[in-house]
Amino acid sequence: MGVSRRDFLKLSGGTVLIGTLGVNLDPAKVYAQELRIKNAKQSTTICPYCSVGCGIIVYTENGKVIQTEGDPDHPISEGTLCAKGSSLVQMANNDTRLGKPMYREPGGTAWKEVEWDWALDRIARLVKDSRDKSFKTVEKGFVVNRTEGIAHIGSAAMDNEECYLMQKLVRSWGLVWVEHQARI
Amino acid sequence: MTNHWIDLKNADVILAMGGNPASNHPVSMKWIMRAKAKGAKLISVDPRFTQTSAKADLYAPLRSGTDIAFLGGMINYILENNLYFREYVVNYTNAAFLVNQDFRGPADLDGLYSGYNEAQRKYDKTTWSFQRDENGVALKDPTLEDPNCVFQLLKKQYARYTPETVSNITGTPLDKLQAVYELYGSTGKPDRVGTECYAMGWTQHTVGTQNIRAMAIIQLLLGNMGMPGGGVNALRGESNVQGSTDHGILFHILPGYNPVPNASLVDLATYIEKTTPKATEPGSVNWWSNRNKYITSYLKAIYGDAATAMNDFGYGWMPKLDVGQNCSWLNLFDNMLAGKFEGFFAWGQNPACSGANSNKTRTALSKLKWMVNVNLYDNETGSFWRGPGMNPADVQTEVFMLPCASSVEKEGSISNSGRWAQWRYKAVEPVGQSLPDADIINELYFRVKQLYQKEGGAYPDPVVNLFWDYGERDSAGKVKHVDIHAVAKHINGYYTQDVYDTSVEPPKLIGKKGDLVKSFGLLRADGSTSSGNWLYCNSYIQVDGKPVNMMARRGKTDATGLGLYPEWSWSWPVNRRVIYNRASVDLQGQPWDPKRPLLAWDATGKKWVGDVVDGGPPPMGQSGKLPFIMKPDGVASIFGPGLAEGPFPEHYEALECPLEENSMSSQRINPTIKIFGGDSDAFYSCDLRYPFVASTYRVTEHWQTGVMTRHCSWLLEMQPQNFCEISIELAKELGINNGDTVVVTSGRGEVQAIAMVSERFQPFKIANSTVHQVGLTWHFGWQFPEDGSGFDSANLLTPNVGDANTMIPESKAFMVNVRKA
Ligand code: SF4
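Residues numbered from 1 in each chain as written. Chains lettered and ligands numbered in written order. Predicted model: local features only at pLDDT ≥ 70, side-chain atom pairs only at ≥ 80, totals over all residues. Heavy atoms only, no water.

Visitor: Before we go on, may I ask you to explain the overall build of chain B in this structure?
Guide: Summing up its helical and strand segments, chain B has 23 helices and 31 strands in all. Taken against the 2.2 N^0.38 rule, which gives 28 Å for 821 residues, the C-alpha radius of gyration of chain B at 27 Å falls within 12% of a compact globule. Seen through its principal axes, chain B has C-alpha atoms that stretch 85 × 70 × 55 Å. Going through the 821 residues of chain B one by one, you find that 66% of them count as buried. In chain B, 70% of the contacts between residues at least 6 apart in sequence involve partners at least 24 apart. Computed over 77 positive and 84 negative side-chain charges, the separation of the two mean positions in chain B equals 4 Å. (Helix = DSSP H or I, 4+ residues; strand = E, 2+ residues; numbered from the N terminus. Rg over C-alpha atoms; globule rule 2.2 N^0.38 Å. Buried < 20%, exposed > 50% of the residue type's maximum accessible area, 1.4 Å probe, protein only. Contact = heavy atoms within 4.5 Å. Lys, Arg positive; Asp, Glu negative; His and termini not counted. Charge placed at Lys NZ, Arg CZ, Asp CG, Glu CD.)

Here's what the structure looks like:
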């Protein structure tokens, strides 16, 4: 019988388990780990990288991710992760993540931060203008009702529900140039 | 995947070809190793000795782009040595079907099939058909002797693929070739099962689809389809590329693989009539005959109450393609370069590094009036205007970069390669002001709609009639935040009115208005049900009146011992874990291999036990129902007339290749591929300037273009920059040392990399000459690390030519030169 890390922590009797695990876990280190996540809230997630779909436990404290590790209950990954999945904590806490919408004007040489409201209104305006200008009702005698002047790609990095909303939205705008990662 | 990850443990032989699971799907290796621990054998066939090869019992090299030759030789070996599973082949495939007498194949026509039109680079497929009786039922010869039967035609075509001919094309040593054929061919017995794992190593070729077809034919001959431990398994690249494909973010499909309407399908009735396959085989279940239910329920989900029988359920609002119009990726960027688009969304994707021929892509972006990039990080696409060779002042594109939430900052489901839709929970608030993609989509929906409501404009109907009841609204009527559960339930589908079974007296209530539909078998074509994606109907159901999110389940029972875990998350369709599982049993419904009881017919209880059976009827021996329920003929297609280049796969060289001639025929390249002819579309074959075969690939530490991994310091430290892997022999010839910076050039661009001189590439002996192959990763880009130390994307080199069916680019076989920087 395998002993998962979480069982191990529940039992938290370090020395008793060394023999069972067949590895010489340094009890001091384990204790330190335990302290770190002791008051943390746990939630489960699935790795955002490849399509194996490994399970990950996210430990949060005071609204911050403090640790991520393999979910021992997950039947595919059984607590293991590869280098990418093991680094998930670095995606949640990363100084280079974008925190605000950014904008570059035509011919501009730098990004500037803008407000969401402004950016979204401006994009909506551009969508409408390009759609109105390029909308084709009839082609070669057949009704086509499509927008020819806007294209869309993405994304396999979104959740299913978001993918569904995405195709729903862009098709309501009349887009037919709709593609994403699956074509690569 | 036809099967799923854990199922790899049930195989006797695992063929990793066209994929390198140890590096790219690392945790899947756990299940391959578990199979090995029980005595299974792992075969790795790859141009390079990979991490998977290092764990393999048998490794065979092959030159990039020659997989059909390799697999064609295996088909020949299986047929010559009678290794095929006869009962399966006769009953479950179209091997016995008689083909049109005018059909001719590559053995007769020097590499072509009958019906080729050279000017159009296209086939007239009239002769690629079956002989049928007056009722349309295919004529068959169950003895497989008729010279016109599929089996004999297969034999005739692949008799040309002798080990010597194959080895001369692939560069695989003869003894290795024989060893692979023998080992894999051993799985044709009912109690031996082989599986195949492929990834981009098969798809990214001008013959990509036919690579996979060749393997499907092998799996059918050996009786490995539908079996636990069998199947043809696409190891998909992204965490949710299975789901995003299922949900139709592609030009040609709507959610659930319903085709996107074209202009000739003028109304819903015509759409249904023309896109529903007709079955003439008496035993065919022909599942797609339910198309009317799925498309009508989809339209109800899209337009809600606005979709009525009176207005054709809003079908007219849907955008239509021209007949035959292809809006796929390579065409999209070709049109963008020609200035055809004003606006462009690059959402959660980095095409400036991911698409083939990145220089063309990057230049194309500069022709846009506006572009929106949504991502976690700045990247080469969002910042294209300040990239290499760009003068920002000259680029007139208005660019938006919108920050989205990461996977732990929102909730929702993703579908892994094994079709398991698994739920993720929100752990923390999004970083800074970033928003979940769903909320960004919601904002844009509302704002564009508002503009149309206020100002009118071109055909506002589809915009203003969209159903969007996905959460609590603010005073202006905007959904404040998308309730993901509400979306998931709408994807599953609802009864839009009370539905009764009127076949009984008094009529019995099946579903009440507002109830979740339990499974797609209950969807209806009259507008009384909605379902955003019929394939996901059953993913969010009602138990005792309460909604149950099947995707969030964490049950660990495994009654069959085969690792199905039917109570863990949810698998489409209807929680079936192995698709085509009806082919895993004999005509009486008993497992071909009693040691692997995926499914069995319980004759006393008159029910199936095990996995969720593929279609309900009793076994074929009793009901006459054929096992491949999605195929109109009810059996699997060894002869597959649907593809562009032929009903069987034939070896053609890559568009860019080191050989003047194809030794199988005088058709050097796939006769049906589209060849772009613009200034930025350069292709060079047998050109001294580009003498080496190249391939792109990935490493464990990075993911795709690296946007989500280059920013993780641990991962960047392990793999800091692009490298070019070169054989010891070639390095010597070129005077390159391990660790030197090199410049790799192709007809389309150049990229720097660090030379990694290794034994993992060995020169190939092809047609009495030596062919060298090199490889590069495509994980890097100029934008990050900001000092440029990672170098740029290998896709600066790759050719923008696509597979004739899918238009997936040929990034795995092209020609380059390498020099010291
Ligand atoms: S941990 Fe590694 S193997 Fe598992 S899903 Fe993530 S990237 Fe894939």
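Let us keep going from here.
Visitor: Can you walk me through the pattern of salt bridges in this structure?
Guide: Should the charged atoms of two oppositely charged side chains come close, the side chains can pair. Applying the stated criterion across every chain, the model contains 52 salt bridges over all chains. Across the salt bridge formed by R97 of chain A and E409 of chain B, the nearest N and O atoms sit 2.7 Å from each other. Linking R97 of chain A in the loop between helix 5 (88–92) and strand 4 (102–104) with E409 of chain B in the loop between strand 12 (398–403) and strand 13 (412–415), this pair reaches from one chain into another. Taken individually, R97 of chain A and E409 of chain B each receive the classification buried, so the pair is uniform in this respect. (Salt bridge = Lys/Arg side-chain N within 4 Å of Asp/Glu carboxyl O.)

Visitor: Help me understand unusual backbone geometry, please; the structure alone is not making it clear to me.
Guide: Trans peptide bonds make up the majority, and among non-glycine residues the majority have a negative phi. In this structure, the amide linkage connecting G154 of chain A to the following residue, S155 of chain A, adopts the cis form with an omega of 5°. Positionally, S155 of chain A belongs in the loop between strand 7 (142–153) and helix 7 (160–172). Across the junction of F784 of chain B and P785 of chain B, the peptide omega takes the value 0°, indicating a cis bond. Here P785 of chain B is to be found in the loop between strand 30 (773–777) and strand 31 (814–820). Although it is not a glycine, N145 of chain A adopts a positive phi angle of roughly 45°. Mapped onto the secondary structure, N145 of chain A falls in strand 7.

Visitor: Just to check I follow, could you spell out the UniProt feature "domain: Molybdopterin dinucleotide-binding" (unreviewed entry) in chain B for this structure?
Guide: The positions that UniProt labels "domain: Molybdopterin dinucleotide-binding" (unreviewed entry) are, in the present scheme, residues 693–812 of chain B. The distance separating the terminal C-alpha atoms of residues 693–812 of chain B is 9 Å; by composition the span is 11% helix and 31% strand. (UniProt positions renumbered as here; feature names shortened; annotations may be inferred.)

Visitor: Teacher, can you tell me more about the domain arrangement of chain A here?
Guide: Looking at chain A, the domain boundaries give domain 1 (39–97) and domain 2 (102–179). The centre of domain 1 of chain A, based on its C-alpha atoms, is set 33 Å off from the matching centre of domain 2 of chain A. (Domains from an automatic or database assignment.)

Visitor: Help me understand the site of the ligand, please; the structure alone is not making it clear to me.
Guide: As a structural note, the neighbourhood of the ligand is formed by C47, Y49, C50, V52, G53, C54, L81, C82, K84 and G85 of chain A together with P26 and V27 of chain B. Residues close to the ligand are split across chains A and B. Partitioned by chemical class, the residues of the shell around the ligand number nine nonpolar, two polar and one charged. (Near = heavy atom within 4 Å. Nonpolar A, V, L, I, M, F, W, Y, C, P; charged D, E, K, R; others polar.)

Visitor: Sorry, what's going on with the interface of chain A and chain B here?
Guide: Accessible area lost during the coming together of the parts is what is often quoted as the interface size. Taken together, the contact between chain A and chain B spans 117 residues of the former and 169 residues of the latter. Across the chain A to chain B interface the summed buried area is about 12500 Å²; carbon plus sulfur atoms make up 61%. By the criterion of area lost to chain B, the three top residues of chain A are W177, R183 and I184 of chain A, representing 7% of everything that side buries. Joining chain A to chain B, the criterion identifies 15 salt bridges. Notably, a salt bridge pairs D121 of chain A with R447 of chain B, separated by 2.9 Å at the nearest N-O pair. Of the residues contributing to the side of chain A that touches chain B, the split by class is 55 nonpolar, 31 polar and 31 charged. (Buried area = accessible area lost by both parts, 1.4 Å probe.)

Visitor: Please clarify how the packing of aromatic side chains should be interpreted in this entry.
Guide: Ring pairs (aromatic) are described by centroid distance and by the angle formed between their planes. All names here are of chain B. Per the stated rule, a full pass over the model turns up 49 aromatic pairs over all chains. Between F97 and F130 the ring centres are 5.0 Å apart and the planes differ by 65°, which places this aromatic pair in the edge-to-face class. Taken together, the residues span a long stretch of sequence, with F97 in the loop between helix 5 (86–92) and helix 6 (106–109) and F130 in the loop between strand 5 (122–123) and helix 7 (150–158) at a distance of 33 residues. The class for F97 is buried, based on a relative accessible area of 3%. Taking the relative accessible area as the measure of exposure, F130 reaches 12% and is therefore buried. On the basis of an interplanar angle of 80° and a centroid distance of 5.4 Å, the ring pair of F103 and F639 is categorised as edge-to-face. Here F103 is found in the loop between helix 5 and helix 6, whereas its partner F639 is found in the loop between helix 21 (620–623) and strand 24 (692–697), with 536 residues between them in sequence. Like F103, the residue F639 is buried in the burial classification. (Phe/Tyr/Trp six-rings, centres within 6.5 Å; stacked < 30°, edge-to-face > 60°.)

Visitor: Help me out: how do you make sense of the state of the cysteines in this one?
Guide: Two cysteines whose sulfur atoms are joined by a covalent bond form what is called a disulfide. Here the structure, examined in full by the defined rule, presents zero disulfides over all chains. Cysteine C163 of chain A is unpaired, with the sulfur of C404 of chain B as its nearest cysteine sulfur at 12 Å. (Disulfide = S-S within 2.5 Å.)

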